[in-house]
Amino acid sequence: MSSNANKLAVIKHRCEKEHDFFIRYFFKKRFESKFLLNWHHVWLCEEVDRLMQRAKDGKETENLVFNLPPGGSKTEIMMNSIPHGLAINHRSRFLYLSYSSDLVADVSDNAKSIVKSQDFQQLWATELSTSTDNKKEWKVRDGDYDAGHVFVASMGGQVTGRRGGRLEEGFTGLICIDDPIKPEDVFSAKLRNKANRKIINTVQSRKAKSSTPVVMIMQRLHVDDPIRLTEDGSLTGKWRRIVVPALIDDDYINTLPPHIAELVPTDVPRDSKGRQSYWNEKESLKSLLEMEQGGTNKDSQAISSFTFQAQYMQSPIALGGELIKSDWFNRYDDLPPLIWAGIYVDTAQKTKEHNDWSVFLVGGMDKDNNYYVIDVVRGKWQAPELNKNADMVITLHNKPQPPLRYMAVEDAAAGTQLIQNISTTSKVPIKAVQRGTDKLTRFMNVQSILEARRVWLPRRASWLNEFIIECEAFRADMAHDHDDQVDTLIDFLEFGARPFKTHRATAGKRTYR
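Conventions adopted
- Residues numbered from 1 in each chain as written.
- Predicted model: local features only at pLDDT ≥ 70, side-chain atom pairs only at ≥ 80, totals over all residues.
- Heavy atoms only, no water.
- Helix = DSSP H or I, 4+ residues; strand = E, 2+ residues; numbered from the N terminus.
- Areas by Shrake-Rupley, 256 points an atom, 1.4 Å probe, with all protein chains shown as cover.
- Phe/Tyr/Trp six-rings, centres within 6.5 Å; stacked < 30°, edge-to-face > 60°.
- Buried < 20%, exposed > 50% of the residue type's maximum accessible area, 1.4 Å probe, protein only.
- Lys, Arg positive; Asp, Glu negative; His and termini not counted.
- Salt bridge = Lys/Arg side-chain N within 4 Å of Asp/Glu carboxyl O.
- Polar contact = N/O pair within 3.5 Å; in protein donor to acceptor, adjacent residues only side chain to side chain.
- Contact = heavy atoms within 4.5 Å.
- Core = buried A, V, L, I, M, F, W, Y, C linked by side-chain atoms within 4.5 Å.
- Disulfide = S-S within 2.5 Å.
- pLDDT = per-residue confidence, 0-100.
- Pairing = 2+ DSSP bridges.
- Right-handed = clockwise from strand over helix to strand, strands pointing away.
- Axes fitted to C-alpha atoms, helices over the stretch in contact; angles between N-to-C directions.
- Parallel < 35°, antiparallel > 145°, perpendicular 65-115°, else oblique.
- Left-handed = near helix turned anticlockwise from the far one by under 90°.
- Nonpolar A, V, L, I, M, F, W, Y, C, P; charged D, E, K, R; others polar.
- Arc of directions from axis to C-beta.

Caption draft 1: Quick look at the overall build of the protein. Summing up its helical and strand segments, the protein has 18 helices and 19 strands in all. Considered along the principal axes of its C-alpha atoms, the protein spans approximately 95 × 50 × 40 Å. Split by element, the accessible area of the protein, about 22900 Å² in all, is 47% carbon and sulfur.

Caption draft 2: Representation of the packing of aromatic side chains within the structure. Taken as a whole and judged by the stated rule, the model has 23 aromatic pairs. A ring pair is formed by Y371 and F492, whose centres lie 5.3 Å apart and whose planes are at 80°; its orientation type is edge-to-face. With Y371 in strand 14 (residues 371–379) and F492 in helix 18 (residues 484–496), this pair connects stretches of sequence that are 121 residues apart. Taken as a pair, Y371 and F492 share a single burial class, namely buried. Taking the centre distance of 5.6 Å and the plane angle of 20° together, the rings of Y372 and W456 count as stacked. Taken together, the positions of Y372 in strand 14 and W456 in strand 17 (residues 455–458) put the pair 84 residues apart, joining distant regions of the chain.

Caption draft 3: Structural context of the side chain of D366. By the element assignment, D366 lies in the loop between strand 13 (358–365) and strand 14. Despite its burial, D366 remains without a salt bridge, the nearest opposite charge being carried by K367 at 6.9 Å. From its side chain, D366 meets the backbone nitrogen of N370 in a polar contact 2.9 Å long. Within the local environment of D366, its side chain forms a polar contact with the side chain of Y372, the two groups lying 3.3 Å apart. Excluding its chain neighbours within four sequence positions, the residues that come into contact with D366 are P337, L338, I339 and Y372.

Caption draft 4: Highlighting the environment of P245. In this structure, P245 sits in the loop between strand 8 (238–243) and strand 9 (247–248). In this structure the C-alpha to C-alpha distance between P245 and E451, which are 206 residues apart in sequence, comes to 36 Å.

Caption draft 5: Highlighting the nonpolar core. Ranked by size, the top nonpolar core spans 68 residues in total, and within it W39, F66, M78 and Y96 carry the most contacts. With sequence-adjacent residues up to four places away left out, W39 is seen in contact with V244, I248, Y252, L256, I260, L263, V264, P265 and Y278. By size, the runner-up hydrophobic cluster in this structure holds 60 residues, among which are V186, W239, F306 and F443.

Caption draft 6: Representation of the state of the cysteines. Tallying each qualifying case throughout the model produces 0 disulfides. Take C15: it sits in no disulfide, and the sulfur closest to it among the cysteines is that of C45, at 12 Å.

Caption draft 7: The confidence of the model for the protein, seen in detail. Across the protein, pLDDT averages 88, with 92% of residues at or above 70. Here residues 502–513 scores under 50 on pLDDT; set against residues more than four positions off or in separate chains, the count is 37 contacts.

Caption draft 8: Fine view of the pairing of strand 15 (residues 404–410). Strand 15 sits mainly inside the fold: 7 of its 7 residues count as buried. Pairing of strand 12 (residues 340–346) with strand 15, which is carried by 5 bridges, proceeds in the parallel orientation. For G342, the partnering residue across the bridge sits in strand 15 and is Y406. Here strand 15 pairs with strand 16 (residues 430–433) via 4 bridges, running parallel. Across the sheet, the residue bridging to M407 is I430, located in strand 16. At this point the chain moves from strand 15, through helix 15 (residues 414–422), to the parallel strand 16, and the crossover so formed is right-handed.

Caption draft 9: Spatial organisation of the packing of helix 1 (residues 3–17) against helix 2 (residues 19–31). In contact at an axis separation of 5 Å, helix 1 and helix 2 are set at 125° when each is read in the N-to-C sense. One way to sum up the angle between helix 1 and helix 2 is to call them oblique. You can see that helix 1 and helix 2 cross each other, and the crossing is left-handed. Contacts between helix 1 and helix 2 pair I11, R14, C15 and K17 from the former with H19, F21, F22, R24, Y25 and F26 from the latter. Residues that form the contact of helix 1 with helix 2 fall into these classes: 6 nonpolar, 1 polar and 3 charged.

Caption draft 10: Molecular detail of the pairing of strand 17. Relative to strand 17, strand 11 (residues 330–332) runs parallel, the two sharing 3 bridges. Across the sheet, residue Y332 finds its bridge partner in strand 17, namely P458. Examined bridge by bridge, strand 14 and strand 17 share 2 bridges and lie parallel to one another. In the sheet register, Y371 faces strand 17, and the bridge partner there is V455.

Caption draft 11: Spotlight on helix 15. Every buried residue of helix 15 is accounted for by G415, T416, L418, I419 and I422. Mapping the buried residues of helix 15 onto a view down its axis gives an arc of 160°, with all of them on the same face.

Caption draft 12: Fine view of the side chain of D225. Its location among the elements puts D225 in the loop between strand 7 (214–218) and helix 9 (227–231). Using a relative accessible area of 0% as the deciding quantity, one classes D225 as buried. Here L221 takes part through its backbone nitrogen, which lies 2.9 Å from a polar atom of the side chain of D225.

Caption draft 13: Looking closely at unusual backbone geometry. Omega for the bond connecting Q401 with P402 falls within 30 degrees of zero, at -5°, which places this linkage in the cis form. Inspection of the secondary structure assignment puts P402 in the loop between helix 14 (383–397) and strand 15. With a phi close to 75°, S73 is a non-glycine residue in the positive phi region. Residue position: S73 is located in the loop between strand 1 (62–67) and helix 4 (74–79). In this structure S73 comes out as buried when scored by relative accessible area, which is 16%. Phi is positive for D179, which is not a glycine, with a value near 50°.

Caption draft 14: Molecular detail of the sheet that holds strand 15. Strand order in the open sheet made by the 7 strands is 11-17-14-13-12-15-16, with mixed pairing throughout. Either end of the sheet is taken by a strand with one partner, and the two such strands are strand 11 and strand 16. Neighbour-to-neighbour, the strand axes of this sheet turn through a mean angle of 30°, independent of strand direction. Contacts between helix 17 (residues 464–473) and the sheet are confined to strand 11, strand 13, strand 14 and strand 17, with strand 17 contributing the most and set at about 145° to the helix.

Quick look at the structure:
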């Protein structure tokens, strides 16, 4: 055997036995760069290897749950389980599901590109079938017949007749559920329960045999998200849960398998609580601590403390939901004709991380007196940036339809200064708002509008999650972290119902004309 053949034989053996080696080998072939391997990758890959080996050995299946922060490579790890599984047994069948049709299409394309590559073919000669070859489905030949099968679908799609695994001994494939619910849907009990029922039905009915492995990978979203199904017995079988929070300390590290704990770096920054980033090369400690305090992520999306605890720390907090229930909000796809629109502004006292945000909420009313939240813009701005963002919001929403009738600003602290700065140059009237009663009383005055389901939110918006989180966390004892968006919502519902008068605002008092 030539030296090259010996080398290929070693590579083939390691690829079949070590999932992390398989990923690193083909990642470098695909991208001409090394896969940045972290300790948690090694751990998760060992769990995939264990899952496959138990199936080969005919041992009892222990399904897997991976809870990782966003960007933790969970999809890359499980996408590679498809070509890896076909290398072990080219008759394997895989069913890969997610809420995102784009995600599963990418998974299918990437897995297929690996199998079709010369690098894969020289290790495992594998013929792809021409009978079915598209983004959702492709097959592998076994002699004259189709055998191996990969099928991907969104959670709302049809999977009738498709199965994960085969009625054969050994490893014959698996079902992977990758982010089964949209983050914005998890705050609706109706949509949450619908997703959970879909998972239960899929896991029970789509396995070729009861021992077909199932792997669920997701960041935590809510205390009643699909992870609960693996804990309360709703999903049958044994489940092993691997949890990787974004911030880790010695107590967590000591719970890891000893050989994994040894891989965790010790020469990285830690905060005053002894916590370090789980993957310093990917997410610095500084950026994680900023998000924990209510900052923004790498996509400039606002992150609340609830979102950080759930999606990054894998430890969601039970929301109160006593005063504002997310199910009270209706959803719209396209904004209907509105008779008017207004901008409602709540300004922060200070701009430090622990203080409230400044918020611009744009809302309008239809002919049936339903309220529509059109846009929410928030940030922690000093006066010049606050003025600039006020002008930006006015310019963006000052349209003939719906007619923008005013910008209503709380006449206090930074709001008084904002009124002074923009009232003479604004293209729309500026309304100075004095909130004469306490926040809870003001809320109780408009709660009936919410309970009657007369408030509509867009079905998709970058600000939607944080808005709903804050609404659900709003408490009568004011023990919540922030209520700046709730303040503007109350203003919208309270002042929107009043007869409209054109007026000119003067800081410190309200002047109408």
